[in-house]
Every structure is written in structure tokens, then in C-alpha cells.
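Breakdown of the fold
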Amino acid sequence: MQNQKLITIIVPCYNIEPYIGYCLNSIMSQNIINKCQVLCIDDGCSDGTPKYLAKYAKKYPKIVSVLSRTNRSGVGNFGVSAARNLGLDNTLGETVMFIDGDDLIGGRRDFPGKCDKYCLEHFYDTMKSHQDASMVVSDIEYVTRDSSKIITTRRFNILNDRLAHDISKYDHALDFLDMRISSCASLYRTDLINKHHIRFRPGMMYFEDAHFVMQYAFAAIQDQYPCILTPTDLPTLYLYRSRPHSAMHKLSMHSESDMRRLERTKKRLEYYAYLLDESEKQFGSGSRIYNIAAHRYANKTAKDIEDNFKPVYETEYYALLDYIPHECRHECNNNNCCCCPYHYKLEYKRRMITERSR
């Protein structure tokens, strides 16, 4: 393609006026930004975010474009999945990266608040030097609302540590991606996305990242990439914004409504049903990754049911359990499937709901 760029950066935006400047500054400060495309998706913002986007598009007309998600009435806000899909439909880059509009790239642990201007270059160079890998990923941390301090968490420490170990095997890579549940902090191959027409599921509020990433991973396996993912050759840090109204924060709020918890449980089950089905097709029901997915599926679902079970939702929860495998098909951590704790949890919940249904 005559106008092809090295990287297309897709930035979905919805009412993030206090943060979009930080995000775009971290992107535009990158050393190779003149060879990149930045697509900012205005998903029906009702605050001052569009003014910031217009400002950057005017200042960098050859790099930054603003696309809008609106219907015939001029009303937008179709969700992050639809916004990212619009970006994918207008991509000129040979590779693609997703950055949420309230996040940052190029974080530096040694100098919080400063930006590593070689972040995108590290991603791209790693992709070019690892032709056997379908995806390049980086470390992740949280950053405070004012971008002045990096917040170290146990969850991200574990994930970042795993990147330093061997993840070249398919089942290890799939396990890592399932735990990560993010489409950000990664660089993807555009030709692989287009060949398999991989897209986010519109309207999907929960697990849309995990579903997209796993679609991509299984497409890479189908195309016989020896390695699903590889970490950047040089340290690179993606920073999630820690703020009270973000989508990630809402997922963990104790005040979340019963209906939202039920919807989240449904989406989790749909995602794991897909993951189990694809794992069985690719590797068989006796494989390590199938076993990991089945156990994680049963464990998380049992916890959701235990924490959120309401008599009014009895029928719905009982139907959801049909997604879960009835038995463990592979060796458990304690080498005894009959004593598998996940198996016991699942069977207990089945009996409980069956008895209540009588």
C-alpha cells in the first residue's frame, strides 16, 4: 500500500477530557510517530474531549485522524468494541496497537511522569526481529490520575514476571493471555487481523478484550506461527489509569447491580465456552490448556454463583451452568481429579440449585 504506516494506533474516546491530553502527548512524543497513524474514535463524547481531539488533528494532520461513532440522529456512544472496530476498518498500518484514551504508553519506572520516546520503536523492532511471533506484548502497571506515580500491584507483578519466562509454548501463551484479559499493551499484525476478519463483538461490555485476543491467538495457531507472543526486546511499559469511573474499576465495584453481575457472568461463560471449544478443536480435551480453561471456568463461575445467587435468578443461573464441563478431563495440580477442588465446588453448586428448583 502506497500510504502504509508502520503502526496504526487506535484510541477509543468517551468523556475523558481530563486524561486525553496525557494519552495523546505520550503517543505524539514517540520517536517514530511520523511513520505511524493515530486514529482517535469519538464515541459520542458529551464533554470537552472532541475539542482536544480536533486540536491534535489540526496540529498533526498527516498523523492524527478523528473518526466519529454516531447514528442518524447524531447520537453516539456505541461502546469501546464498536469504536475499536471502526479503527480497524480504517487502518493503514502494517501493525496495530490499541491504547485506551485515559492510559499512557512509554511509562518509566525510574522517572514517573516522564515518557520513554522509544516505546513504539521497541514494539515495532521486536515484531520485525521475531517473524515467528504473531504478537508483541509489554509490561503493564497502574498510574495515578495525575500521572505522577506508578502504582505497583501484585497482579501485574505476577504477569510481568511471567513475561520474563518461557511463554513460547501454545498452552503457556494462551494461559497467560487469558489471565491478562487486555487487548492493550500489545502489537498485532494487521494482515493476520484482516485475513481472519478478527473484530471485537459490538455491544459486548465484558470480556470483549479477552475474546478479541483469543480470536487472534487461535488465528495465529491456524496460520502456524511457531510463537503466539513475545515480549519486547527492550523494557517497555504500558500504564493503565487508575480512576474511579473507568470500566475496569466498575467491574470490581461491590455496588454493581444484580443484573449487571448476572450479565457479567453470562459474558464470562460465553467467553470461556468459546475458549474451551477452540482449545478442544486445536489440542483436544485431554490437553493442558483445555484443562486450565475448564478449571478456571468452573472456579470463577462457582464463585459468581456463590456471591451473587438470588432466588429470582435461579433459572438463569441453572441454565448458565450447562456451559461448564461436567467433569475434569485431565490431570489436576494434586494429580487426583476425584479430589479436584474446582470439581467439588461445581458439583456442590449443581446440587444446591437442583434442590432449590424442585
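Preceding this section is the structure that the text describes.
Because the structure is predicted, anything quoted here is derived from the model rather than measured.

Parameters at a glance
- Every residue gets a number counted from 1 within its own chain, in the order that chain's sequence is written.
- Predicted model: local features are reported for residues with pLDDT of at least 70 only, side-chain atom pairs are reported and counted for 80 or more only, and whole-chain, interface and lining totals are derived from all residues.
- In computing side-chain properties, one takes all heavy atoms of the structure into account and sets aside hydrogens as well as water.
- Secondary structure counts use DSSP, requiring at least four H or I residues in a row for a helix and at least two E residues in a row for a strand, with both numbered from the N terminus.
- A simple rule labels every residue: compare its accessible area, found with a 1.4 Å probe on the protein chains alone, to the largest value its type can have, and call it buried under 20%, exposed over 50%, or partly exposed in between.
- Any two residues whose heavy atoms approach within 4.5 Å are treated as being in contact.
- Residue-level accessible areas treat just the shown protein chains as cover; the underlying method is Shrake-Rupley with a 1.4 Å probe.
- The pairing test for Phe, Tyr and Trp rings, Trp by its six-membered ring, is centres within 6.5 Å, and the orientation test on the planes gives stacked under 30 degrees, edge-to-face over 60, and tilted for anything in between.
- Distance and angle both matter: a charge sits over a ring if NZ of Lys or CZ of Arg is within 6 Å of the ring centre and within 35 degrees of the ring normal.
- The working definition used for a salt bridge is a side-chain nitrogen of Lys or Arg within 4 Å of a carboxyl oxygen of Asp or Glu.
- We treat two strands as partners when DSSP finds at least two bridges between them.
- Here, axes are lines fitted to C-alpha atoms. For helices the fit covers the stretch in contact, and angles between N-to-C directions go from 0 to 180 degrees.
- One less than the residue count of a helix, multiplied by 1.5 Å, gives the span that helix is expected to have.
- Each polar contact in these results corresponds to two N or O atoms within 3.5 Å; when the atoms are within protein, one needs to be able to donate a hydrogen and the other to accept it, and residues that are neighboring in sequence are counted only if both atoms are side-chain atoms.
- We call a set of buried residues a nonpolar core when its members are Ala, Val, Leu, Ile, Met, Phe, Trp, Tyr or Cys and they connect through side-chain atoms within 4.5 Å of each other.

**Here we look at the overall build of the protein**
- A tally of helices and strands in the protein yields 13 helices and eleven strands.
- Among the 358 residues that make up the protein, the fraction classed as buried is 53%.
- Counting only contacts in the protein whose residues sit at least 6 apart along the sequence, the fraction spanning at least 24 positions is 79%.
- For the protein, the exposed surface amounts to about 17200 Å²; the carbon and sulfur share of it is 49%.

**A word on the packing of aromatic side chains**
- If you walk through the whole model with that rule in mind, you get 15 aromatic pairs.
- For the pair Phe 98 and Phe 200, a centre-to-centre distance of 5.2 Å together with 85 degrees between the ring planes defines the contact as edge-to-face. Of this pair, Phe 98 sits in strand E4 (residues 93–98) while Phe 200 sits in the loop between helix H7 (190–195) and helix H8 (208–222), and the two are 102 residues apart along the sequence.
- A connected cluster of aromatic rings, assembled from ring pairs, spans Phe 98, Tyr 188, Phe 200, Phe 212 and Tyr 216.
- Its end group placed over the ring of Phe 98, Arg 84 keeps NZ or CZ at 5.9 Å from the ring centre.

**Details of the pattern of salt bridges**
- Summed over all chains, the structure comprises eleven salt bridges.
- Taking the shortest distance from any N to any O, the salt bridge between Asp 139 and Arg 109 comes out at 3.8 Å. With Asp 139 in strand E7 (residues 139–143) and Arg 109 in the loop between strand E5 (104–105) and helix H4 (119–129), this residue pair connects regions lying 30 residues apart in the sequence.
- In this structure, Lys 281 and Glu 278 form a salt bridge, with 3.7 Å as the shortest nitrogen-oxygen distance. Of the two residues, Lys 281 and Glu 278 both sit in helix H10 (residues 258–283), three residues apart, roughly one turn of that helix.
- According to the relative accessible area criterion, Lys 281 is exposed, its value standing at 59%.
- Overlapping salt bridges, with partners in common, bring together Arg 84, Asp 100 and Asp 209 in one network.

**A closer look at the sheet that holds strand E11 (residues 237–241)**
- Taken in spatial order, the four strands of this open sheet run E5-E11-E7-E8, and their pairing is mixed. Sheet topology places E5 and strand E8 (150–151) at the edges, where each strand pairs with a single neighbour.
- As paired strands, E7 and E8 are joined by two bridges and run antiparallel to one another. In the sheet register, Tyr 142 faces E8, and the bridge partner there is Ile 151.
- Sheet strands in contact with helix H5 (residues 154–163) are E7 and E11, and its direction is about 155 degrees off that of E7.

**Quick word on unusual backbone geometry**
- At Ala 185, a residue that is not glycine, the phi angle is positive and equals roughly 60 degrees.
- Of note, Phe 207 is a non-glycine position whose phi angle comes to about 65 degrees, a positive value.
- Locating Phe 207 in the fold gives a position in the loop between H7 and H8.
- On the basis of relative accessible area, Phe 207 is assigned to the buried category, the value being 14%.

**Here we look at helix H1 (residues 17–28)**
- In a regular helix each residue adds 1.5 Å, so twelve residues correspond to 16 Å; H1 covers 17 Å between its end C-alpha atoms and thus fits that length.
- Every buried residue of H1 is listed here: Tyr 19, Ile 20, Gly 21, Cys 23, Leu 24, Ser 26, Ile 27 and Met 28.

**Re H8**
- Compared with an ideal rise of 1.5 Å per residue, which puts 15 residues at 21 Å, H8 spans 21 Å between its outermost C-alpha atoms and is within 8% of the ideal.
- Of all the 15 residues making up H8, 14 are buried; the element is thus mostly covered by neighbouring parts of the structure.

**Comments concerning the side chain of Gln 37**
- Checked against the element boundaries, Gln 37 lands in strand E2 (residues 36–42).
- Gln 37 gets classed as buried once you look at its relative accessible area, which sits at 7%.
- Here the side chain of Gln 37 touches Asn 90 through a polar contact of 3.2 Å, landing on its backbone oxygen.

**Observations regarding the pairing of strand E6 (residues 133–137)**
- Of all five residues in E6, five are buried, a share of seventy percent or more.
- Direction of pairing for E6 relative to strand E9 (residues 186–189): antiparallel, over a ladder of three bridges. The residue of E9 that forms the bridge with Val 137 is Ser 186.

**Side note on the pairing of strand E1 (residues 5–13)**
- Of all nine residues in E1, nine are buried, a share of seventy percent or more.
- Where E1 meets E4, five bridges bridge the pair, whose relative direction is parallel. If you follow Ile 9 over to E4, its bridge partner there is Met 97.
- In the sheet, E1 pairs with E2 via seven bridges, with the strands oriented parallel. Counterpart to Val 11 in the pairing with E2 is Cys 40.

**A few points about the nonpolar core**
- In this structure, Ile 7, Ile 9, Ile 27, Val 38 and Leu 229 are the most contacted members of the largest nonpolar core, which totals 89 residues.
- For this core, the element with the most residues is H8, which contributes ten residues.
- With sequence-adjacent residues up to four places away left out, Leu 229 is seen in contact with Ala 133, Met 135, Val 137, Leu 163, Ile 167, Ala 173, Phe 176 and Leu 177.
- Among the nonpolar cores identified, the runner-up in size contains five residues, and Leu 104, Val 143, Ile 150 and Leu 239 belong to it.

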